[in-house]
Amino acid sequence: MATLTAASALTQARRVVIKIGSALLVEQGRLRADWLRSLADDVAGLRAGGADVVIVSSGSIALGRGALRLPSGPLALEQSQAAASVGQIRLARAYEEALTPHQISTGQILLTLDDTHDRRRYLNIRATLATLLGLGVVPIVNENDTIATDEIRYGDNDRLAAQVAVTIGADLLVLLSDVDGLYTGNPQTDPEARHFTQVDHITPEIEAMAGAPTSSLSKGGMKTKVLAAKTAVGAGCAMVIAAGAALHPLAQLKDGARATLFLAQGDPRSARKRWIAAMKAKGVLHVDAGAVRALAQGKSLLPAGVTHVEGQFQRGDPVAIMGPDGALGVGLAGYDSLEAALIAGHQSREIAEILNYPGRVALIHRDEMAL
């Protein structure tokens, strides 16, 4: 079996999240337009190879600071939020202009920590991202700095990117940075620092090697990258830290540029299934024999196959699936218990008339259950 490298991981990945740091995208308050166009070329190449791509991009505050001529150094919260408001428009427009020549549509998603920690919002984010990717769109994700306060902030886009990768079941997360990977020490101050080509397991010793930010524009240093790696690899997503300052950073990575690959622990699908299976059910959906056969074939649970709804639960809560002969598994409910009871036994085309709004086809989507 061929040894997995950062280059081969990128080539083989079918769903990739790419994180762009502010220091790569913005220089002295101005967009590095040539660099962004080269990145767009690389993204188009990944798409042409059949991969879905999501970009998690910093840069809104840096762009807004330049546009508003705010001073260098730390900003007050209201100044940061004002800069983000102005810069986010410029950031979204820049990505759109860079990717449009490749006939690639872009969408913008702004998130806070609360959005990914609240189960209902998490499911909405997951569904929106999946729909965008299914339509061939490259979503551009950023932290919602215009409204976020310290209590609801990720604070750095490394960990936000890891959460996005977990949410969409990505194969690979690429953190493009101003450093080409993990070292035993800070390579800028320690000439004896040794580079890691691959990290099989994130040990306490690996975590201890993480240092402070290397750029005044960056909120995340190596420590946040290692924390992001823990989140990603634990959910079955490999992660790469690579230098991104040069033009065509992803093409260079494919060509063997130095980087650090953190190996995934399993695969995204099985990791998610284990996560769901470990949840304590808050209700029960009783299903008929036809539904049992459909689930065995890997299909979603439709309302028509549900005979009885037991317990009280909200959309996104774990519920047990019970067949005529016993328990089948656990899934995340697509409706709350009241709505589920109303549509149980009905065809999916009847949902809109029963609930007075166009609901989801499945009561539990096949990707949201562990049998």
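Residues numbered from 1 in each chain as written. Predicted model: local features only at pLDDT ≥ 70, side-chain atom pairs only at ≥ 80, totals over all residues. Heavy atoms only, no water.

Selection rule: UniProt positions are given in the numbering used here, feature names are shortened, and annotations may be inferred rather than shown by experiment.
Under an unreviewed UniProt entry, the name given to the protein chain is Glutamate 5-kinase, and the organism recorded is Roseinatronobacter monicus. Word for word, the UniProt comment on the protein chain under Sequence similarities (unreviewed entry) is "Belongs to the glutamate 5-kinase family." Word for word, the UniProt comment on the protein chain under Pathway (unreviewed entry) is "Amino-acid biosynthesis; L-proline biosynthesis; L-glutamate 5-semialdehyde from L-glutamate: step 1/2."

## Remarks on helix α4 (residues 60–68)
Inclusion rule: Partly exposed residues are those whose accessible area sits between 20% and 50% of the maximum for their type, while under 20% is buried and over 50% is exposed, using a 1.4 Å probe and protein chains only. Helix and strand definitions here come from DSSP, where helices need a minimum of 4 consecutive H or I residues and strands a minimum of 2 consecutive E residues; each element is numbered from the N-terminal end. The criterion used for residue contact is that any of the two residues' heavy atoms lie within 4.5 Å.
Of all the positions in α4, only S60, I61, A62, L63 and G64 are classed as buried. For α4, the elements touching its buried residues are β2 (26–27), β3 (30–31), α5 (77–99) and β6 (138–143). Looking at the residues trailing α4, positive phi occurs at R69, about 55°.

## Side note on the confidence of the model for the protein chain
Note the threshold: pLDDT measures the predictor's confidence residue by residue and takes values from 0 up to 100.
This prediction gives the protein chain a mean pLDDT of 89; 94% of its residues lie at or above 70. Ignoring residues within four places in sequence, the model shows residues 212–219, a span with pLDDT below 50, making 19 contacts including any to other chains.

## Here we look at the sheet that holds strand β4 (residues 52–57)
The line we're drawing: Strand pairing is assigned whenever DSSP identifies at least 2 bridges connecting the two strands. The angle between two axes is taken between their N-to-C directions and runs from 0 to 180 degrees, where each axis is a line fitted to C-alpha atoms and a helix contributes only its stretch in contact.
Strands sit in the order β5-β6-β4-β1-β7-β9-β10-β8 across an open sheet of 8 strands; the sheet is mixed. Edge strands, defined here as strands with exactly one partner in the open sheet, are β5 (106–111) and β8 (198–199). Where strand β1 (residues 15–20) and strand β7 (residues 172–177) come together, 5 bridges link them in parallel fashion. When the sheet's bridge partners are listed, K19 is paired in β7 with L175. Where helix α7 (residues 119–134) meets the sheet, its contacts fall on β1, β4, β5 and β6, and the angle it forms with β5 comes to roughly 165°.

## Topic: the UniProt feature "domain: PUA" (unreviewed entry) in the protein chain
The residues that UniProt annotates with the feature "domain: PUA" (unreviewed entry) are residues 283–364. The annotated region residues 283–364 carries 24% helix and 29% strand content, and the separation between its end C-alpha atoms amounts to 13 Å.

## So, the UniProt feature "binding site: substrate" (unreviewed entry) in the protein chain
Annotation from UniProt places "binding site: substrate" (unreviewed entry) at S58, D145 and N157. Across 100 residues, the annotated set stays spatially compact, with a maximum C-alpha separation of 11.1 Å. Here S58 is to be found in the loop between β4 and α4. Excluding anything up to four places from it in sequence, S58 contacts K19, I20, G21, S22, L25, L91, N142 and N157. Relative to the helices and strands, D145 is located in the loop between β6 and α8 (157–168). On the basis of relative accessible area, D145 is assigned to the buried category, the value being 8%.

## Considerations on the sheet that holds strand β14 (residues 326–332)
Spatially, β12-β11-β13-β14-β15 is the arrangement adopted by the 5 strands of the open sheet, whose pairing is mixed. Each edge of the open sheet is held by one strand with a lone partner, namely β12 (306–311) and β15 (369–370). Summarising the sheet, strand β13 (residues 318–323) and β14 pair through 6 bridges and their orientation is antiparallel. Counted as the bridge partner of G323 is G326 from β14.

## Here's the deal with the pairing of strand β10 (residues 259–262)
Residues A259 and L261 line one face of β10 and the alternating positions T260 and F262 line the opposite face, and both faces are buried. Here β8 runs beside β10; their pairing, made up of 2 bridges, is parallel. Looking at the pairing, Q198 lines up with L261 of β10. As judged from the 4 bridges shared by strand β9 (residues 238–243) and β10, these two strands associate in the antiparallel manner. Bridging across to β10, A242 finds its partner in A259.

## Some words on the packing of α4 against α5
Rule in force here: Reported orientations rely on four angle classes, namely roughly parallel under 35 degrees, roughly antiparallel over 145, roughly perpendicular from 65 to 115, and oblique for the rest. The classification used treats Ala, Val, Leu, Ile, Met, Phe, Trp, Tyr, Cys and Pro as nonpolar, Asp, Glu, Lys and Arg as charged, and all other residues, Gly among them, as polar.
At a closest axis distance of 6 Å, the pairing of α4 and α5 adopts a crossing angle of 100°. The angle between α4 and α5 falls in the class roughly perpendicular. Every residue of α5 that contacts α4 at S60, I61, L63, G64, R65, A67 and L68 is listed here: S80, A82, A83, A84, V86, G87, Q88, R90 and L91. Residues belonging to the contact of α4 with α5 are distributed by class as follows: 9 nonpolar, 5 polar and 2 charged.

## Details of the environment of S177
Keep this limit in mind: Each polar contact in these results corresponds to two N or O atoms within 3.5 Å; when the atoms are within protein, one needs to be able to donate a hydrogen and the other to accept it, and residues that are neighboring in sequence are counted only if both atoms are side-chain atoms.
Positionally, S177 belongs in strand β7. A relative accessible area of 7% places S177 in the buried class. Polar side-chain contacts of S177 include one of 3.1 Å to the side chain of D178.

## Notes on the pattern of salt bridges
Put simply, the rule reads: The term salt bridge refers to a pairing of a side-chain nitrogen on Lys or Arg with a carboxyl oxygen on Asp or Glu at a separation within 4 Å.
Applying the stated criterion across every chain yields a total of 7 salt bridges. The shortest N-O distance in the salt bridge between R126 and E368 comes to 2.6 Å. Residue R126 is found in helix α7, and its partner E368 is found in the loop between α15 (351–355) and β15; the two are separated by 242 residues along the sequence. For R126, a relative accessible area of 13% gives the class buried.

## Some words on the side chain of Q88
Its location among the elements puts Q88 in helix α5. Beyond its immediate sequence surroundings of up to four residues, Q88 is in contact with S60, Q108, L110 and N142.

## Some thoughts on the packing of aromatic side chains
Condition: Any pair of Phe, Tyr and Trp rings, taking the six-membered ring for Trp, is counted once the centres come within 6.5 Å. Such a pair is stacked with planes under 30 degrees apart, edge-to-face with planes over 60 apart, and tilted for the rest. Here, over-ring charges are defined by two tests on the NZ atom of lysine or the CZ atom of arginine: distance to the ring centre within 6 Å, and angle to the ring normal within 35 degrees.
Tallied over the full model, the rule gives 0 aromatic pairs. The ring centre of F196 lies 5.0 Å from the NZ or CZ of R194, which sits over that ring.

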